[in-house]
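# A closer look at the structure
This is what each chain is made of:
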Amino acid sequence: ILIVTFFIFWIIALVISYFLAKINMLPIVKSWKQQTEFVNDAAHELRTPLTIIQGKLEYMLTKPNKKIIDEAEAISVSLDEVNRLNSLTNNLLVLARSDSATTKLNFELTKPDFFLKDPIEPFKDIINSQSKVFQINLIHRPTLYLDRDKIKQLLIILLDNATKYTPKNGTIKIYDQMEGSKYQFVISDTGVGVVDKDKNKIFDRFYRVDKSRNTNSGGHGLGLAIAKQIVTVHKGHIYVRNNLPHGSEFVVELPIKH
Ligand code: ADP
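Residues numbered from 1 in each chain as written. Predicted model: local features only at pLDDT ≥ 70, side-chain atom pairs only at ≥ 80, totals over all residues. Heavy atoms only, no water.

Identification of the protein as histidine kinase from Companilactobacillus crustorum is taken from an unreviewed UniProt entry. The heading Catalytic activity (unreviewed entry) in the UniProt record of the protein holds the text "ATP + protein L-histidine = ADP + protein N-phospho-L-histidine." Per UniProt, the protein has the following entry under Subcellular location (unreviewed entry): "Membrane". (UniProt positions renumbered as here; feature names shortened; annotations may be inferred.)

## Looking at the sheet that holds strand β4 (residues 171-179)
Here 5 strands make up an open sheet; going across it, the order is β2-β4-β5-β7-β6 and the pairing mixed. The two strands at the open ends of the sheet, each matched to only one other strand, are β2 (133-137) and β6 (237-242). Averaged over all adjacent pairs, the angle separating strand axes in this sheet is 20°, with direction ignored. The sheet contact formed by strand β5 (residues 182-189) and strand β7 (residues 248-255) spans 7 bridges and is antiparallel. Looking at the pairing, Lys182 lines up with Pro255 of β7. Packed on one face of the sheet, helix α4 (residues 113-129) meets β2, β4 and β5 and runs near 160° to β2. Strands in contact with helix α7 (residues 223-233) are β6 and β7; relative to β6, the strand with the most contacts, it is inclined by about 130°. (Pairing = 2+ DSSP bridges. Helix = DSSP H or I, 4+ residues; strand = E, 2+ residues; numbered from the N terminus. Axes fitted to C-alpha atoms, helices over the stretch in contact; angles between N-to-C directions. Contact = heavy atoms within 4.5 Å.)

## Notes on the pairing of β4
Two strands pair when backbone bridges link them, and β2 and β4 are joined in this way by 5 bridges, in the parallel orientation. Paired with Val133 across the strands is Thr171, a residue of β4. Sheet topology note: the β4/β5 ladder contains 8 bridges and is antiparallel. Of the residues in β5, the one forming a bridge with Glu179 is Lys182. Between β4 and β5, which pair antiparallel in sequence order, lie 2 residues; one of them, Gly180, sits at a positive phi of approximately 65°.

## Some words on the site of the ligand
Every one of the 22 residues lining the ligand counts as a neighbour, but Asn161, Tyr165, Asp189, Arg208 and Leu224 are closest to it. The separation between an oxygen atom of the ligand and a polar main-chain atom of Val209 is 3.3 Å. Between the ligand and Ser248, the relevant distance is 3.3 Å, taken from a nitrogen atom to a side-chain nitrogen or oxygen of the residue. Protein contact buries 98% of the 530 Å² of open area that the ligand shows by itself. Every element with two or more residues in the shell around the ligand is listed here: α5 (148-164), α6 (211-214), α7 and β7. Broken down by element, the shell around the ligand gets its largest block of residues, 3 residues, from α5. Each residue belonging to the shell around the ligand can be placed in one class, and the counts come to 10 nonpolar, 8 polar and 4 charged. (Near = heavy atom within 4 Å. Polar contact = N/O pair within 3.5 Å; in protein donor to acceptor, adjacent residues only side chain to side chain. Areas by Shrake-Rupley, 256 points an atom, 1.4 Å probe, with all protein chains shown as cover. Nonpolar A, V, L, I, M, F, W, Y, C, P; charged D, E, K, R; others polar.)

Printed below as a string of structure tokens:
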């Protein structure tokens, strides 16, 4: 009976998916599922810092006569969590806006130095102050058609990650190259690297390689999802490859305007 029931359900599932595919509903069903997962993950990420802040505030209220100075630890933890919430909600807004295509993109003809230089500057000092080496080797000047602010945001995400995931004495490098009719800029580091099975997944929303390893870095796994979205609206391509002997290279490929 069990086998027959299973078989009947399997046939029904097959028939339903056939009809959904026929009327072109499968992508819609898939995107509903993705949306639900996204909302679940977002709610989960929002709940954790909120619970910590709630706990700290309730604890402070149990001893209302204490001086502010005695509560410094609780206040500082709460402030850290508020900052995390702030950056998380900002990232969620960026993703939600680009999902609903309400963000107006400001495409213009431009050369790489006009969008690569500004974001790189502040990282020079940050990287050097952390006893890491920063090398820049940008030599090409093709004409590209893009939203400069968006590409700057993308570069900040990649440089920020390279800095976060590269230990002291490591090297972070940015260089560019031409690949046929494409322009590529590469952010290379000698950090922890990304194993093969994670190379695609790290661009998914909320995906983090090793949650325990990364808890101190303060992220939520949204940076690369935003990076990918930015590259996609520019009809480009982003991927990660190994930087031998250790570390990773994030390659951004953009079409050239002829
Ligand atoms: P976050 O850094 O906030 O966790 P991201 O979406 O920017 O989120 O990155 C997703 C995951 O990809 C990170 O948690 C990390 O495990 C991995 N990752 C990103 N950049 C690097 C890098 N340069 N080196 C090693 N791992 C990285």
